[in-house]
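# Structural overview for review
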Amino acid sequence: MAKPQGVKYRGSIHDFPNFDPNQDAEALYTAMKGFGSDKEAILELITSRSNRQRQEISQSYKSLYGKDLIADLKYELTGKFERLIVGLMRPLAYCDAKEIKDAISGIGTDEKCLIEILASRTNEQIHQLVAAYKDAYERDLEADIIGDTSGHFQKMLVVLLQGTREQDDVVSEDLVQQDVQDLYEAGELKWGTDEAQFIYILGNRSKQHLRLVFDEYLRTTGKPIEASIRGELSGDFEKLMLAVVKCIRSTPEYFAERLFKAMKGLGTRDNTLIRIMVSRSELDMLDIREIFRTKYEKSLYSMIKNDTSGEYKKALLKLCGGDDDAAGQFFPEAAQVAYQMWELSAVARVELKGTVRPVDNFNPDADAKALRKAMKGLGTDEDTIIDIITHRSNAQRQQIRQTFKSHFGRDLMADLKSEISGDLARLILGLMMPPAHYDAKQLKKAMEGAGTDEKALIEILATRTNAEIRAICEAYKEDYHKSLEDALSSDTSGHFRRILISLATGNREEGGEDRNQAREDAQEIADTPSGDKTSLETRFMTILCTRSYPHLRRVFQEFVKMTNYDVEHTIKKEMSGDVRDVFVAIVQSVKNKPLFFADKLYKSMKGAGTDEKTLTRIMVSRSEIDLLNIRREFIEKYDKSLHQAIEGDTSGDFLKALLAICGGED
């Protein structure tokens, strides 16, 4: 495939040097001659040649033997391996045409296949696909898609089939503003949805223009365009529009996500896996690999290796082109892409929003009486307790506590403790405490008894602001008559202790970035020789524990420019244990704090058993700060809402209270 001038090649398959199509045709004929076939020889040869070279081999094979190479391969091979090898033998446009023909043939339609191909291809690729479909099947692709789909889903597919997306050139700021307004009015501000506006704008505007529209939409409305699409559209049309948005933002990231989903869980979606590995092997496989490694903390190579077998596995691994776990290093271009992915979200200055807000017409007197009634006599009215406490802000809960004591001469916290128990009690009592006292208590619990809960210490100290840290220190001293620093000193050791104590001072710089200083800071941590662990940890500590968040974002970018490594990968590669974990937590918090907490919540509920302590701690502590943002990150990354995850993993009154704090289904 010819590549544009000046654009660096990002495929994993290259032209084979000293290529001889006749020699290759003979080798393939020999491999398929006689009883059985030499599958190893077939996969080795075909996965080592570019698509252009494979077409020459097909031509030579026909000239030499009067036979069709694809027909012979189909006869000799079977199953997934056959599908993969035959897919590689077709030109990309014909491969796409075959996939779409299969998707709309027979009973039912494979909408996911249609969405993946038509949402991700360039104008030129779409034109080639339409021509290939006509040539291969003597049918009109648009007519076939119209005959097999319906509604707004069909309309958007037809728009994409035109291959007339505007090219990236000069972007008009006025048009960006107009498109944002039109999308907002077509969805959020309208009773019902004007789908035609979504189709027109997302189906025709250039990628660069739409990226600016998405950024401006977030600034203007306080929510990402994806959230509006999920709220306003539905079914296959919603899935198609979300795929278009993902491809506009980053096509390699879209495919990394598709590959991960094709292999995660029980069973493998082999058709999806084959289609992507074949179609992207000469386009952007290196970028897909790197984003996959960044996003899922494992290499694409290792996931394929663990999820497939036999010659099929060997061929897929050849297309993958390398194991990024082994190298632990970013490809330069993809390192920049990976950085930009989260820098854009940070620059957008998303407004942080909690899910719990002060209730209107607040009446602490009525609330105190209702709570007393719910706990008086035989039995307890948990529903009333949950309803009141989860729908009041923390400041309002403190007023209720005071009113309760004034009215009844009783301590509300003590009464609640005696009436409710278990996970519900931990959650409700946590909500009743002022935030700084709650965090202080969580830190105390993490350090008392046998063993230390380092994860809880890290989660709190690595994510709180200066003001929050100082309030925690005061609360700790007030509640436990000991300084937090002394407690950390006696319960932790070594570099980990020094890092936690540094964080617990609450003296992180505030304000913006200093570009010159950022370069120096990046150089400082980049210059440490690999293997000099003590020096490396000290240098990282002096920068990660003291610089402001905006400044650290700039440091991370400068570090990527200097080393082609992401700072998080460097930490994971060079460090270990609690020191590694606390530095990674700081970096992730700087990059995207709501995403950091979304990951923690997901891990607290995945697999067998639930980590109720972590789940409770995050839901309580973030409920009035950024839980709405955490929800959005959760659904974006895990394709299911936080509400759904909680529903599937908890039960009873604990579930009711958590869902009330969660604040809605996305």
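Only a predicted model underlies this, so the values are computations on that prediction, with no experimental measurement involved. (Residues numbered from 1 in each chain as written. Predicted model: local features only at pLDDT ≥ 70, side-chain atom pairs only at ≥ 80, totals over all residues. Heavy atoms only, no water.)

## Some details on the pattern of salt bridges
Rules: Salt bridge, as used here: a side-chain nitrogen of Lys or Arg that lies within 4 Å of a carboxyl oxygen of Asp or Glu. The helix count covers DSSP runs of H or I at least four residues long, the strand count covers runs of E at least two residues long, and both are numbered beginning at the N terminus. Per-residue accessibility, obtained with a 1.4 Å probe over protein chains only, is compared with the maximum for each type, and a residue is labelled buried under 20%, exposed over 50%, and partly exposed between these values.
Counted according to the given criterion, the structure contains 44 salt bridges. The partner of Asp 24 in a salt bridge is Arg 49, and the shortest N-O contact between them spans 2.6 Å. In this pair, Asp 24 sits in helix α1 (residues 21-32) while Arg 49 sits in the loop between α2 (39-46) and α3 (51-65), placing the two residues 25 residues apart along the sequence. Like Asp 24, the residue Arg 49 is buried in the burial classification. Taken together, the shared-partner salt bridges connect Arg 83, Glu 99, Glu 116, Arg 258 and Arg 275 into one network.

## Looking at the domain arrangement of the protein
Stated formally: These domain limits were set by an automatic method or by a database of domain assignments.
In terms of domains, the protein is made up of domain 1 (21-89), domain 2 (252-327), domain 3 (364-432), domain 4 (435-505) and domain 5 (593-662). The centre of domain 2, based on its C-alpha atoms, is set 52 Å off from the matching centre of domain 3.

## A look at the confidence of the model for the protein
Rules: Residue-level confidence of the predictor, termed pLDDT, takes values from 0 up to 100. Pairs of residues are marked as contacts when any of their non-hydrogen atoms sit within 4.5 Å.
Residue-level pLDDT values for the protein average 90, and 93% of them are 70 or greater. Throughout residues 1-5 the model reports pLDDT below 50, and contacts reaching past four residues in sequence, or to other chains, amount to 5 contacts.

## Structural notes on helix α28 (residues 454-461)
Counting buried positions over the 8 residues of α28 gives 6, a clear majority of the element. Among the residues of α28, those classed as buried are Ala 456, Leu 457, Ile 458, Glu 459, Ile 460 and Leu 461.

## Overview of the nonpolar core
Rules: For our purposes a nonpolar core is just a set of buried Ala, Val, Leu, Ile, Met, Phe, Trp, Tyr and Cys residues, chained together by side-chain atoms within 4.5 Å.
By size, the foremost hydrophobic cluster in this structure holds 97 residues, and its most contacted members are Phe 583 and Met 619. Beyond its immediate stretch of four places on either side in the chain, Phe 583 contacts Ile 499, Glu 537, Phe 540, Met 541, Leu 544, Ile 571 and Met 575. Counting residues in hydrophobic clusters, the runner-up holds 94 residues, among them Leu 77, Tyr 133, Leu 161 and Leu 317.

## Some remarks on helix α22 (residues 364-375)
To keep things clear, this is the line we draw: Take the number of residues in a helix, subtract one, and multiply by 1.5 Å to get its expected span. The arc in question is the one spanned by the directions pointing from the helix axis to the C-beta atoms. Nitrogen and oxygen atoms within 3.5 Å of one another constitute a polar contact, given that in protein one can donate a hydrogen and the other can accept it, and given that sequence-neighbouring residues count only through two side-chain atoms.
Between its terminal C-alpha atoms α22 stretches 17 Å, which fits the 16 Å expected from 12 residues at 1.5 Å a residue. If you check which residues of α22 are buried, you get Pro 364, Asp 367, Ala 368, Leu 371, Arg 372, Ala 374 and Met 375. The buried residues of α22 occupy an angular sector of 160 degrees when the element is viewed end-on, so they sit on one face. Those residues of α22 that are buried are in contact with α23 (382-390), α24 (394-408) and α25 (412-419). Residue Asn 363 occupies the N-cap position of α22, its side-chain oxygen lying 3.1 Å from the main-chain nitrogen of Asp 365.

## Remarks on unusual backbone geometry
In this structure, Asn 361 takes a positive phi of about 55 degrees despite not being glycine. Looking at the element boundaries, Asn 361 is found in the loop between α21 (332-347) and α22.

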